[in-house]
Structure formats: C-alpha cells, structure tokens
Amino acid sequence: MTILDELADYARVRTAEAKKKRSLEEVKKAALALPKGDYRFETALKKPGISFICECKKASPSKGLIAPEFPYLEIAKAYEAAGADCISVLTEPRWFLGSERYLQEIAEAVEIPCLRKDFTVDEYMIYEAKLLGASAVLLICSILNEEELRYYMAVCEELGLSALVEAHDAEEVLMALRTGARIIGVNNRNLKDFTVNTDNSKKLREMIPPEVIFVSESGVKGSEDVAALCEIGADAVLVGETLMRAEDKTKMLAKLRGGQI
C-alpha cells in the first residue's frame, strides 16, 4: 500500500467518524442553504501572467515537520499582503498535521480565495469545504474512478465551488478532460514514492487545451523554476514547502514572482 492509498483510506475513516456527529443530509442541506459560490478561485487563476497558489502546510509525509511554529493566520495574511492569488490550506490531520479549523479561520481572515487541500473521497468532504469557507476543493484522479470524479465535479458545480483536478500522468490528464475539468493541476511529485520532477509538467502540458487552466504543483524552489513554467504556458503554480521554510515569506514570494517572463 502506498502513502497515497493510506491517505485515502484515512480520509474515509475520518469521513465515517464525521458522519456519526453530523449526517450527510444535514451537511448537504446546510451547504446548499449558503449562497452559491462564484468560482473566485478560477477567476484568480485566469488573470494575465502566472498566478500563485500559496500553501499553508505544517508537515508532509515526505518531509515530516516543516513548520514547528505554525502561526497560520499570520502566514495567510502575509501571503495575501505579498500578492498571493489564492491560498491552499491543508486539512488532512495525520500526515500533514492540518485542520479544518485552519481553513475556516483563514477563509474568514483573508479576501483571496482558499482551496481545501485534502484527499477527497466522499461528497461529504465537498459540502464540508463549502461550510468551512473554501472556494475550491482538490480532486485527485489517482484515488478516484471516472464516475466518482464526474459526480464530485457536479457537486462542486451545484455549490459554486471550483475543482482543482490533479493528474500525475497522461492517462489521468485524459480522465480529467473527459469529465470536463476546467482546472487541471499536474503534480510534479509522485505520490507513490514522493520523488519530484518538474519535467512532468512540461511533458503533460501539450495535452491540456488552452481553454483549460493549467496549474503546476510541487517542486518550485526558485525564480528559475517559475520562468521555466512560464515558458511552457503554466497559468498558475502551487508553492508549498519553499514558502513555508522561508523566514520572510513576502520576500520569497517576490523572488518567485521575479521569474515571470
């Protein structure tokens, strides 16, 4: 079993526990009672130039503890002040030490749209994301079949949430396209062995039509990486560890922005 399998299995356990406290029917009703979202996440990624999705992440399975001190609200506000276009918030609690509370509080504290970064394995998690204030959710092709992906995207549509559909290889990109994904994220990190290769974005870029927003995820360490991704036509980059490890996140984001061409 890979770490990705374990993450997905644990997400199912978490969701089953959550349903004992609040049923799917209750969560769905509460989410649908809120005003429909306006796809702010997508709009932010469509602006001219490359957009930056900046991540609030305390730990990861590959790197362990990244931020022993984790003033998540300060971090999110620093990202916003530095010109981040969106914020990605980890809510997975075991391997990433994330929390739904982090997402809820960050979404309330900033004006820019937030992505719920988790391992979505149940529609329940999408309704939760809406209630927590997210503008988008992550849907990972590797842990979903095509029918599930299509259904979860329909749930997102009903709520007015954007879906960042993550692919790791050509087969998954085709699956994302068949289901009508409007945002495809190519993860440069192999979630089975956690190696990182930014050439993955370059290799898969040509498969993604220009009308679909293309996001490159993981492996961005400096302005030269951003420049290379600009060259292949990336609409956005998702940056986590590089920013989380930077003492001055404003300076680091400015440095990464310097790679735009």
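Here is what the cut-offs are and how they apply
Residues numbered from 1 in each chain as written. Predicted model: local features only at pLDDT ≥ 70, side-chain atom pairs only at ≥ 80, totals over all residues. Heavy atoms only, no water. UniProt positions renumbered as here; feature names shortened; annotations may be inferred. Pairing = 2+ DSSP bridges. Helix = DSSP H or I, 4+ residues; strand = E, 2+ residues; numbered from the N terminus. Axes fitted to C-alpha atoms, helices over the stretch in contact; angles between N-to-C directions. Contact = heavy atoms within 4.5 Å. Disulfide = S-S within 2.5 Å. Buried < 20%, exposed > 50% of the residue type's maximum accessible area, 1.4 Å probe, protein only. Polar contact = N/O pair within 3.5 Å; in protein donor to acceptor, adjacent residues only side chain to side chain. Parallel < 35°, antiparallel > 145°, perpendicular 65-115°, else oblique. Left-handed = near helix turned anticlockwise from the far one by under 90°. Nonpolar A, V, L, I, M, F, W, Y, C, P; charged D, E, K, R; others polar.

The name that an unreviewed UniProt entry assigns to the chain is Indole-3-glycerol phosphate synthase, with the source organism given as Dorea ammoniilytica. What UniProt records for the chain under Sequence similarities (unreviewed entry) is the sentence "Belongs to the TrpC family." Per UniProt, the chain has the following entry under Catalytic activity (unreviewed entry): "1-(2-carboxyphenylamino)-1-deoxy-D-ribulose 5-phosphate + H(+) = (1S,2R)-1-C-(indol-3-yl)glycerol 3-phosphate + CO2 + H2O".

Student: Just checking my understanding: could you explain the sheet that holds strand E10 (residues 236-239) for this structure?
Tutor: With respect to topology, 8 strands assemble into a closed barrel ordered E1-E4-E5-E6-E7-E8-E9-E10, the strand pairing being parallel. Neighbour to neighbour, the strand axes of the sheet diverge by 25° on average, direction disregarded. Against the sheet, helix H5 (residues 100-109) contacts strand E1 (51-56), strand E4 (86-90) and strand E5 (114-117), and its axis sits at roughly 175° relative to E5.

Student: What should I look at first to understand the state of the cysteines in this one?
Tutor: Covalent bonding between the sulfur atoms of two cysteines is what defines a disulfide. Across all of its chains, the model carries 0 disulfides by this definition. Of the cysteine sulfurs around Cys114, a residue in no disulfide, the closest is that of Cys56, at 8.0 Å. Owing to a relative accessible area of 1%, Cys114 belongs among the buried residues under this scheme. Cysteine Cys156 shares no disulfide, and the gap to the nearest cysteine sulfur, in Cys141, comes to 13 Å.

Student: Is there a simple way to think about the side chain of Ser60 in this case?
Tutor: One can find Ser60 in strand E2 (residues 59-60). Engagement of the side chain of Ser60 in a polar contact is seen with the backbone nitrogen of Lys63, the distance being 3.0 Å. Aside from chain neighbours lying at most four places away, what touches Ser60 is Ile66, Trp95 and Phe96.

Student: Would you explain the packing of helix H2 (residues 24-33) against helix H6 (residues 123-132) in this entry?
Tutor: Two quantities define a packed helix pair, namely the angle between the axes and the distance from one axis to the other. Packing of H2 against H6 brings their axes to within 9 Å, and their N-to-C directions diverge by 40°. As summarised for this structure, H2 and H6 are arranged oblique, according to the angle between their axes. The two elements H2 and H6 meet at a crossing, and its hand is left-handed. Contact residues: H2 offers Leu24, Val27, Lys28, Ala30 and Ala31, while H6 offers Glu123, Tyr124, Tyr127, Glu128, Lys130 and Leu131. Of the residues belonging to the contact of H2 with H6, the class tally is 7 nonpolar, no polar and 4 charged.

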